[in-house]
Amino acid sequence: MEYAATRFSLDAPALSCERYGCGHINSTYLVQTASGRRYILQKVNGAVFPDRRALMENIIAVTRYLAARSRDSREHLTLVPTLEGLDYWTDAEGEIWRLYDFIEDSLCLQAPETAEDFYQSAVAFGSFQAKMADFPAHTLHETIPDFHNTPDRYRKFHAALARDPLGRAAAVREELGFFLRREAEAGTLQQMRQSGALPLRVTHNDTKLNNVMLDAVTRKALCVIDLDTVMPGLAAYDFGDSIRFGASTGAEDEADLSKVEMSLELFAIYAKGFVEACPALTEPERETLPLGAKLMTLECGLRFLTDYLDGDRYFHIDEPEHNLRRARTQIKLVADMEKKWGRMTDILCRL
Ligand code: ADP
Ligand code: GN1
Ligand code: MG
């Protein structure tokens, strides 16, 4: 990866290149040059993204579109060209590398430190959808087909369960049952998408708090990052995935489930920020936001459990039961949302 860094037009020779961040998918490195300038180098995960050239085409189009509509370079990701003037570098093994300017004087949080931080992340994702409203969504590639097609996630879950390559299913009957009991309702958003009841928008689709940059001084939203999954989608996907990750009172891999709840206070704050930043949301879209929170959490838990059954081939793990632990926090959150359902829908009605 040190060699990869030298393939780009850095402002000065690279002094260091070290692993960086907490993403589950790509390999991310911080590059520092002799001038003190910093960059983010990433190897795009070829096992996760079937067509990395298509993915880079999306990112090039979206970052240019946002750059043309921003006042400040910290309001969008900026790709640094290779020595040949290309937007990414392909190594001898066919791996794809890209380099971004480091967004300086910024914060990237794993959990909100204050309610205002979470509100600002809602503003960042809501504004992203609003800014992309006139972008021709059909020109974007589907970088992961059926990414938020929950019934399709269930099909993959059933296939992994039938294979059960490591014999892990027997010990997780309770978790399996939780997902199986909710399979029928899990298709609701997908049905609405197919019937045309909800508009297709350019969505981010991976709206975790650690995919948002805040200004380190003002703590206001700067921009959203991690654009690999930008595709046409539903507003409820982006809203829902943010609630799943950021409105939880515990970490995504918290072992002590008594610490994991969906905070109604954080839910209300995020809903306000998102709806304010994205005024074009239609009434049916607004109504589906709580459902987005529940289904994105259910879907993500199902994906963690599927990966656990499959031998942890998709998400980076730090220890053998990491994916199971993650699946359990998502189960706890879904169960908590079911208890708080009436209050969640009331919050949206009152906005
Ligand atoms: P992954 O898909 O693996 O989650 P990300 O693109 O989200 O990869 O990057 C991982 C982490 O690297 C982010 O959570 C953030 O902390 C940091 N990061 C990524 N891009 C930038 C950037 N341009 N400036 C500063 N930090 C960045
Ligand atoms: C992955 O790339 P990262 O860490 O932001 C995943 C998301 C999951 C998330 C769970 C491309 O996100 O879909 O919700 O982990 N991204 C991809 O933490 O699969
Ligand atoms: Mg990320």
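These notes cover the structure that comes with them. (Residues numbered from 1 in each chain as written. Chains lettered and ligands numbered in written order. Predicted model: local features only at pLDDT ≥ 70, side-chain atom pairs only at ≥ 80, totals over all residues. Heavy atoms only, no water.)

**Details of the site of ligand 1**
- For ligand 1, the set of nearby residues contains 19 residues, the closest of which are N26, Q42, I103, N210 and D226.
- In this structure, an oxygen atom belonging to ligand 1 sits 3.3 Å away from a main-chain N or O atom of I25.
- Here an oxygen atom of ligand 1 sits 2.9 Å away from a polar atom, N or O, in the side chain of D226.
- Those elements that place two or more of their residues in the shell around ligand 1 are β3 (38-43) and β5 (96-101).
- Taken together, the residues of the shell around ligand 1 sort by class into 10 nonpolar, seven polar and two charged. (Near = heavy atom within 4 Å. Polar contact = N/O pair within 3.5 Å; in protein donor to acceptor, adjacent residues only side chain to side chain. Helix = DSSP H or I, 4+ residues; strand = E, 2+ residues; numbered from the N terminus. Nonpolar A, V, L, I, M, F, W, Y, C, P; charged D, E, K, R; others polar.)

**Digging into the site of ligand 2**
- Taken together, 18 residues form the shell around ligand 2, and within it H24, K208, E252, R303 and Y314 come nearest.
- A distance of 3.4 Å separates an oxygen atom of ligand 2 from a polar atom in the side chain of R244.
- For ligand 2, whose unbound accessible area comes to 450 Å², protein coverage reaches 98%.
- Counting residues per element, the shell around ligand 2 draws most heavily on helix α10 (residues 289-309), at three residues.
- Here the shell around ligand 2 is composed, by residue class, of eight nonpolar, four polar and six charged.
- Counting residues domain by domain, the shell around ligand 2 receives three or more from each of domain 1 (2-104) and domain 2 (115-350). (Areas by Shrake-Rupley, 256 points an atom, 1.4 Å probe, with all protein chains shown as cover. Domains from an automatic or database assignment.)

**A few points about the nonpolar core**
- By size, the foremost hydrophobic cluster in this structure holds 97 residues, and its most contacted members are I243, M262, F267 and L305.
- Broken down by element, the residue count for this core peaks at 12 residues, all from α10.
- Lining this core are residues from two domains, each supplying at least three of them: domain 1 (2-104) and domain 2 (115-350).
- If we ignore the near neighbours within four places in the chain, the residues touching M262 are I243, A247, F267, L333, D336, M337, K340 and M344. (Core = buried A, V, L, I, M, F, W, Y, C linked by side-chain atoms within 4.5 Å. Buried < 20%, exposed > 50% of the residue type's maximum accessible area, 1.4 Å probe, protein only. Contact = heavy atoms within 4.5 Å.)

**Structural notes on the side chain of H322**
- One can find H322 in helix α11 (residues 322-339).
- Side-chain polar atoms of H322 contact the side chain of D253, separated by 2.8 Å.
- Not counting the four nearest positions on each side in its chain, H322 is found in contact with D253 and I317.

**Considering the sheet that holds strand β8 (residues 212-215)**
- Spatial ordering of the open sheet is given by β6-β8-β9, a layout of three strands whose pairing is antiparallel. In this open sheet, the two strands that pair with only one neighbour each are β6 (106-107) and β9 (221-224).
- Contacts from helix α3 (residues 115-131) reach β8 and β9, with the element oriented near 50° to β9. (Pairing = 2+ DSSP bridges. Axes fitted to C-alpha atoms, helices over the stretch in contact; angles between N-to-C directions.)

Note that all results are geometric; they support no functional claim without further evidence.
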